[in-house]
Amino acid sequence: MTQTPQNTKKLFIKTYGCQMNVYDSDRMADALAPHGYQPVSDIATADLVLLNTCHIREKASEKVFSELGRLKELQAERRAGGQDLLIGVAGCVAQAEGEEIARRAPVVDMVFGPQAYHRLPDMVAKAAGSRHLHPALRTPVIDTDFPEEDKFDYLPAPQKEVVIKRGLTAFLTVQEGCDKFCSFCVVPYTRGAEVSRPVQQVLAEARGLVAGGVREITLLGQNVNAYHGLDEAGNPVGLGQLAYLLAEIEGLARLRYTTSHPRDMDDGLIAAHRDLDILMPYLHLPVQSGSDTILKAMNRRHTRDDYMRVIDKIRSARSDMALSGDFIVGFPGETDKDFEDTLRIIADVGYASAYSFKYSTRPGTPGANLDGQIEEAVKNERLYRLQALVDAQTTAFHTSCVGKTLPVLIEREGRMAGQVGGRSPYLQAVHFEGSTDLIGQILPLEIIGTSTNSLVGKLTQAGLNNSDISHDTTRKSVSVDESRVA
Ligand code: SAH
Ligand code: SF4
Ligand code: F3S
């Protein structure tokens, strides 16, 4: 449907939390585009503001309420000027605390969970339709059911111009929800049961992205490697097999996926890492703790040794695999010895990067009822020590790349004039002196130095000849040996 400028409305989406929320925000914008909503970057000009929220830790979820406080003022200003502002809360806080949000923040017009995004245009119409009523008579639209139907069957694909505008890399959700129930985690409650999208649907979306200029796709799922979407014959296909199918799409140069669970790192997926150049040698594989006692209490359903075995297998299949992880410090009952075990597993694995968090008690999770909650000061000290170790590993990893030639997907202008930047296979930011004409290509860069959290590169002769190397040299030109990673 084409819109005349008069009925174009402005949409601002603020995204918190994980990559899946980033993807979902785009899908919400896509769902509203046929109804005249165009994204804007200035919240002050918006007709509709959506907060796409995260519930994973207490701090993340409290951010919503402070943002709603600010929006209340903006809404009052707009109304004083004879205009309006609709406000919706989406995402995982909405799913977990729908009624509570409506009660605490009457400023909100809509509250809806991640599985209801296909119903967004109807919700907006309904909320807008009650604007003429006195505020006391309005009730917010709340939709936090887990619907029977699958939202992906209804969500529209973005227009090609929109895909082009969003850039060279894209997220694609292939799996959603979680059946693992780690005892600290809200995701099984906020996202619901594990669901995999059908293979053909995923391939069609990937082809659409590539047709819009996307060169790198990151497949998303709360448990992405538990993917088991059905093919046309109705047979389940694993993530490894899906990677082989995606590798056939002409023009797609790079494939990544996140987040994986150690238990689902099956041989098919590991074989795909061995066979496919397109699959980048960087894997986010959280272990959370290095102590078997804590892993058990976390209901991770794997031991430290299980995890180490998986790492060995992956590295045998792909020796230059760089690893990243997530760690929680201060889980209830965590002793000094347990924490030392976590430091030890970090030292043993050697991560290229890692995310670490202080345990945050989440209402409704089994962890909230455990004895032995850890004092804040102890959590702080453990987090500090853990992060120092991980930072040293990250620095060592970056330094190990100096002198090597890495293929870099050139994505954007650099911060300094005359510079452009992109990502290495290991997801490191790399910047170098070069022309913006190079954006969109994958070129070999000699790494000549490091700066905070990024690498400095220089175009090699092959790069100067402008020869895109997307489909061949990842493995041949790169050899980051494991000892340097540690
Ligand atoms: N599905 C992914 C991670 C989802 S949440 C997985 O299974 O690994 C992202 C990270 O947040 C987790 O890996 C964990 O490290 C952290 N996290 C989750 N719940 C938490 C809590 N209650 N307190 C602190 N960190 C938490
Ligand atoms: Fe949360 Fe565990 Fe599921 Fe990951 S596997 S989303 S940490 S319950
Ligand atoms: Fe947060 Fe929900 Fe993602 S809780 S981490 S936004 S799945």
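Residues numbered from 1 in each chain as written. Chains lettered and ligands numbered in written order. Predicted model: local features only at pLDDT ≥ 70, side-chain atom pairs only at ≥ 80, totals over all residues. Heavy atoms only, no water.

Asker: Tell me about the UniProt feature "domain: TRAM" (unreviewed entry) in the chain, and name the residues and values.
Answerer: Under the UniProt annotation, the feature "domain: TRAM" (unreviewed entry) is placed at residues 399-461. Counted over residues 399-461, helix gives 6% and strand 56%. Its end C-alpha atoms are 22 Å apart. (UniProt positions renumbered as here; feature names shortened; annotations may be inferred. Helix = DSSP H or I, 4+ residues; strand = E, 2+ residues; numbered from the N terminus.)

Asker: Would you mind going over helix α1 (residues 19-32) in detail, with residue names and values included?
Answerer: With 14 residues, α1 extends 20 Å from end C-alpha to end C-alpha; this agrees with the ideal 20 Å at 1.5 Å per step. Counting buried positions over the 14 residues of α1 gives 11, a clear majority of the element. Those residues of α1 not exposed but buried are Met 20, Asn 21, Tyr 23, Asp 24, Ser 25, Arg 27, Met 28, Ala 29, Asp 30, Ala 31 and Leu 32. (Expected span 1.5 Å × (residues − 1). Buried < 20%, exposed > 50% of the residue type's maximum accessible area, 1.4 Å probe, protein only.)

Asker: Now, about the site of ligand 3: what can you tell me, with residues and values included?
Answerer: Near ligand 3 the following residues occur: Cys 18, Asn 21, Thr 53, Cys 54, His 55, Ile 56, Cys 92, Arg 191 and Gln 222. Classifying every residue of the shell around ligand 3 gives 4 nonpolar, 4 polar and 1 charged. (Near = heavy atom within 4 Å. Nonpolar A, V, L, I, M, F, W, Y, C, P; charged D, E, K, R; others polar.)

Asker: Explain the UniProt feature "domain: Radical SAM core" (unreviewed entry) in the chain to me, using residue names and the numbers behind them.
Answerer: The feature "domain: Radical SAM core" (unreviewed entry), as given by UniProt, occupies residues 164-396 in the numbering adopted here. A distance of 36 Å separates the end C-alpha atoms of residues 164-396, which is 40% helix and 17% strand.

Asker: Which residues make up the packing of aromatic side chains, and what are the values?
Answerer: One pass over the full model with this rule turns up 6 aromatic pairs. Between Phe 112 and Tyr 117, the aromatic rings sit 5.8 Å apart at their centres with planes inclined by 85 degrees, giving edge-to-face as the arrangement. As far as the burial class goes, Phe 112 and Tyr 117 line up, both buried. For the ring pair Phe 184 and Phe 331, a centre distance of 6.5 Å and an interplane angle of 80 degrees mean the geometry is edge-to-face. Residue Phe 184 is found in the loop between β8 (175-176) and α6 (187-190), and its partner Phe 331 is found in the loop between β15 (322-329) and α12 (336-349); the two are separated by 147 residues along the sequence. Assigned by exposure class, Phe 184 and Phe 331 land together as buried. Taken together, the ring pairs in this structure connect Phe 184, Phe 331 and Tyr 359 into an aromatic cluster. The side chain of Arg 57 reaches across the aromatic face of Phe 357, ending 3.7 Å from its centre. Of note, Arg 197 hangs over the ring of Phe 152, and the distance from its end group to the ring centre comes to 3.9 Å. (Phe/Tyr/Trp six-rings, centres within 6.5 Å; stacked < 30°, edge-to-face > 60°. Lys NZ or Arg CZ within 6 Å of the ring centre and 35° of its normal.)

Asker: How would you explain the site of ligand 2 if you had to name every residue and give the values?
Answerer: Around ligand 2 lies a shell formed by Cys 178, Lys 180, Phe 181, Cys 182, Phe 184, Cys 185, Val 187, Pro 188, Asn 223, His 261 and Arg 300. Taken together, the residues of the shell around ligand 2 sort by class into 7 nonpolar, 2 polar and 2 charged.

Asker: Quick one: what's the story with the side chain of Arg 256, residue by residue and with numbers?
Answerer: One can find Arg 256 in strand β13 (residues 254-258). Within the structure, the side chain of Arg 256 is placed 2.9 Å from the side chain of Glu 216, a separation counted as a polar contact. (Polar contact = N/O pair within 3.5 Å; in protein donor to acceptor, adjacent residues only side chain to side chain.)

Asker: Outline the pattern of salt bridges, supporting the account with residue identities and numerical values.
Answerer: Scanning all chains against the criterion turns up 32 salt bridges. Across the pair Arg 191 and Glu 176 runs a salt bridge, and its minimum N-O distance is 2.8 Å. Of this pair, Arg 191 sits in the loop between α6 and β9 (195-196) while Glu 176 sits in strand β8, placing them 15 residues apart in sequence. Here the two residues Arg 191 and Glu 176 agree in accessibility, since each one is buried. Across the salt bridge formed by Arg 256 and Glu 216, the nearest N and O atoms sit 2.9 Å from each other. On the criterion of sequence distance, the pair formed by Arg 256 in strand β13 and Glu 216 in strand β10 (residues 216-220) is long-range, its members being 40 residues apart. Each member of the pair, Arg 256 together with Glu 216, is buried. Here the salt bridges do not stand alone but share partners, grouping Asp 26, Arg 27, Asp 30, Arg 166, Arg 197 and Glu 205 into one network. (Salt bridge = Lys/Arg side-chain N within 4 Å of Asp/Glu carboxyl O.)

Asker: How would you explain the environment of Lys 379 if you had to name every residue and give the values?
Answerer: Its place among the elements puts Lys 379 in helix α13 (residues 376-401). Ignoring sequence-local partners within four residues, the contact set of Lys 379 consists of Val 329, Gly 330, Lys 358, Tyr 359 and Ile 374. (Contact = heavy atoms within 4.5 Å.)

Asker: Break down the sheet that holds β13 for me, with residues and values.
Answerer: By way of backbone hydrogen bonds, the strands of a sheet pair with one another, either parallel or antiparallel. Read from one edge of the open sheet, 3 strands run β7-β10-β13, paired in parallel fashion. Two strands close off the open sheet at either side, each with one partner strand: β7 (169-173) and β13. Across the sheet, the axes of successive neighbouring strands diverge by a mean angle of 25 degrees, strand direction being ignored. Alignment of β7 against β10, held across 5 bridges, turns out to be parallel. By the bridge assignment, Thr 173 is partnered in β10 with Leu 220. Where α1 meets the sheet, its contacts fall on β7, β10 and β13, and the angle it forms with β7 comes to roughly 95 degrees. (Pairing = 2+ DSSP bridges. Axes fitted to C-alpha atoms, helices over the stretch in contact; angles between N-to-C directions.)

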